[in-house]
Amino acid sequence: MTFSIVGFDEKTKELGIAVASKFLGVGAVVPFAKAGVGAIATQSLANLSYGVEGLELLEKGLSPLEVVEELTKKDDNAAWRQVGIVDVTGQSATYTGEDCYDWAGGAAAKNYAIQGNILVNQQVVEQMEATFEQTNGPLPERLLAALLAGDAAGGDSRGRQSAALLVVKENGSYGGYTDRYIDLRIDDHHDPVQELSRLLKLRHLYFEKADQADVMTLTESQQSQLAEHLHTLGYLEHSTATAEEIHVGLDRYHHTENFEERQQPSGQIDRKVFEYIEEQAKGFTAK
C-alpha cells in the first residue's frame, strides 16, 4: 500500500528512506536505518521485524540479498510482503512477494532500492529510478526528488495520505547526539509529498549551522529594514531602533524561532535568517 526508495551516499555515508502511502502515519511503520550499517523499507502488510532484524543481520555482515532471504524464509506471509534494503557499501536488494496487490514491483541497483504496491502502474517505479539516478546533490534531496517523481507519476492508486523522510549519519542529529540526521513525517495530509518537500527546506534552515559565506555584516540600510521587520513581528517596540535594541530584538527572535544554530554576534546576521524574517514580515503584513 506504499511506494518507497532506500538510498546510500558513498561520499557522505548517509543512508535513508523516502516513502509515501494512502496510509495513516507511514513514517511510523516503513523506514528503519542505522548509520554505518544500512537502511530498510518494510511495507505491504508491513512486518516491522524486517526492519529491526534486518539491521541486526546487516550489522553481522550479511548482504542485503542474504538478509532478504533470511527474513522471508521464516515468514509465513512472505508472499504478501515487500522490502527494500541498502547497506553501507551500497549493495542493495528489493523483494516483492507474489501475492502483493497489483501493480507491485521494484528495482534495485548500486546505492538504491525502490519498491511499491497498489500503484497505478510500473511507471511509478521507473520514474523514481530515473530521477534518483539523474539527480545530483545531497542524499535527502535525491530521495525526495525520486518520491516526488513517483507521486507525479500516479503513486498509490488509492490516493494520498502520508509521507516520510528518514536519513541517518554519524552524529547527524541536532546537536550531534545521535545518528538521526533527518526524521520528517507527514502523517495525514491531502498532498503529503509536497508538504514533505516544504518541511525539508525548513529543516535545513532551522537545524543547520550558518555557512560563513552567508554571514552578513549589516549595513545601515539593512539595519533599518531589519528593525521594521522585527517591529512588524512584535520583537521591537518601535520600527526605528538603535543597533543595540536591534540586537536584543534579534536575539529574542532567534530564541523564539529556534534559530540558535544560526545566531551571530551583534551587527551580523545569517543571510538565510534575514531573508526568512523578511518573508515572515511580508506575510504578517498581508494578513
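Residues numbered from 1 in each chain as written. Predicted model: local features only at pLDDT ≥ 70, side-chain atom pairs only at ≥ 80, totals over all residues. Heavy atoms only, no water.

Visitor: Which residues make up the pattern of salt bridges, and what values go with them?
Guide: Scanning all chains against the criterion turns up 14 salt bridges. Note that Lys73 is salt-bridged to Glu70, the shortest N-O span being 3.0 Å. Residue Lys73 and its partner Glu70 are both found in helix α2 (residues 64–73); the two are separated by 3 residues, about one turn of the helix. Its relative accessible area of 30% is what places Glu70 among the partly exposed residues. When salt bridges that share partners are traced, they join Arg180, Asp183 and Arg185 into one network. (Salt bridge = Lys/Arg side-chain N within 4 Å of Asp/Glu carboxyl O. Helix = DSSP H or I, 4+ residues; strand = E, 2+ residues; numbered from the N terminus. Buried < 20%, exposed > 50% of the residue type's maximum accessible area, 1.4 Å probe, protein only.)

Visitor: Just give me the short version of the side chain of His204, but keep the residues and values in it.
Guide: Mapping His204 onto the fold places it in helix α5 (residues 192–207). The buried category is assigned to His204, whose relative accessible area is 16%. Within the local environment of His204, its side chain forms a polar contact with the side chain of Glu208, the two groups lying 2.7 Å apart. Setting aside residues up to four positions removed in sequence, His204 forms contacts with Glu141, Tyr181, Ile182 and Arg262. (Polar contact = N/O pair within 3.5 Å; in protein donor to acceptor, adjacent residues only side chain to side chain. Contact = heavy atoms within 4.5 Å.)

Visitor: Help me get a handle on the environment of Ser221, residues and values and all.
Guide: For Ser221, the position within the fold is in helix α6 (residues 220–232). Distance in space between the C-alpha atoms of Ser221 and Leu24 is 49 Å, their sequence separation being 197 residues.

Visitor: Account for the sheet that holds strand β7 (residues 105–109), with residues named and values stated.
Guide: In space, the 6 strands of this open sheet follow the order β7-β8-β1-β2-β9-β10, with antiparallel pairing throughout. Both outer strands of the open sheet, β7 and β10 (180–186), are each paired with one neighbouring strand and no more. Neighbour to neighbour, the strand axes of the sheet diverge by 5 degrees on average, direction disregarded. As judged from the 7 bridges shared by strand β1 (residues 2–8) and strand β2 (residues 15–21), these two strands associate in the antiparallel manner. Of the residues in β2, the one forming a bridge with Ile5 is Ala18. Running over the sheet, helix α3 (residues 123–134) touches β1, β7 and β8 (112–116) and is turned about 160 degrees from β8. Together, β1, β2, β9 (162–168) and β10 form the strand contacts of helix α4 (residues 139–152), whose direction differs from that of β1 by roughly 155 degrees. (Pairing = 2+ DSSP bridges. Axes fitted to C-alpha atoms, helices over the stretch in contact; angles between N-to-C directions.)

Visitor: Tell me about the sheet that holds strand β6 (residues 92–96), and name the residues and values.
Guide: One open sheet holds the 4 strands; their spatial order is β3-β4-β5-β6, and the pairing between them is antiparallel. Single-partner strands in this sheet number two, and they are β3 (31–34) and β6. Each strand axis lies, on average, 5 degrees off the axis of its neighbour in the sheet, ignoring direction. Bridge count between strand β4 (residues 38–43) and strand β5 (residues 82–87): 6 bridges; the pairing is antiparallel. Note on β5: the bridge partner recorded for Ile40 is Ile85. Along the sheet, helix α1 (residues 49–59) contacts β3, β4 and β5; its crossing angle with β4, the most-contacted strand, is approximately 150 degrees.

Visitor: Could you give an account of α1, with specific residues and numbers?
Guide: For α1, the full list of buried residues reads Tyr50, Gly51, Gly54, Leu55, Leu57 and Leu58. Taken down its axis, α1 places every buried residue within 160 degrees of arc, on the same side. One or two residues past the end of α1 sits Gly61, with phi positive at roughly 110 degrees. (Arc of directions from axis to C-beta.)

Visitor: Give a description of the environment of Gly97 that names residues and reports values.
Guide: Within the secondary structure layout, Gly97 lies in the loop between β6 and β7. Taking the C-alpha atoms as reference points, Gly97 and Gly172, separated by 75 residues in sequence, lie 34 Å from one another. If near-sequence neighbours (up to four positions away) are discounted, Gly97 is found in contact with Ala78, Ala79 and Arg81.

Visitor: Lay out the packing of α1 against α2 with the relevant residues and their values.
Guide: Close contact between α1 and α2 brings their axes to 10 Å; oriented N to C, the two are set at 135 degrees. It follows from the interaxial angle that α1 and α2 lie oblique. When you trace α1 past α2, the crossing you get is right-handed. Contacts between α1 and α2 involve Tyr50, Glu53, Gly54, Leu57 and Leu58 from the first element and Pro64, Val67, Glu70, Leu71 and Thr72 from the second. (Parallel < 35°, antiparallel > 145°, perpendicular 65-115°, else oblique. Left-handed = near helix turned anticlockwise from the far one by under 90°.)

Visitor: So what's going on with the side chain of Gln264? Which residues, and what values?
Guide: Structurally, the position occupied by Gln264 is in the loop between α7 (243–257) and β12 (268–270). A distance of 3.3 Å separates a polar atom in the side chain of Gln264 from the backbone oxygen of Arg262. Once you skip the residues sitting within four places of it in the chain, Gln264 turns out to touch Ala210, Val215, His247, Ile269 and Asp270.

Visitor: Quick one: what's the story with the pairing of β6, residue by residue and with numbers?
Guide: Every other side chain in a regular strand lies on the same face of the sheet, so the side chains alternate between the two faces. With 5 bridges connecting them, β5 and β6 associate as antiparallel partners. Bridge pairing in β6 links Gln82 to Thr96.

Nothing here speaks to function; it is geometry throughout.
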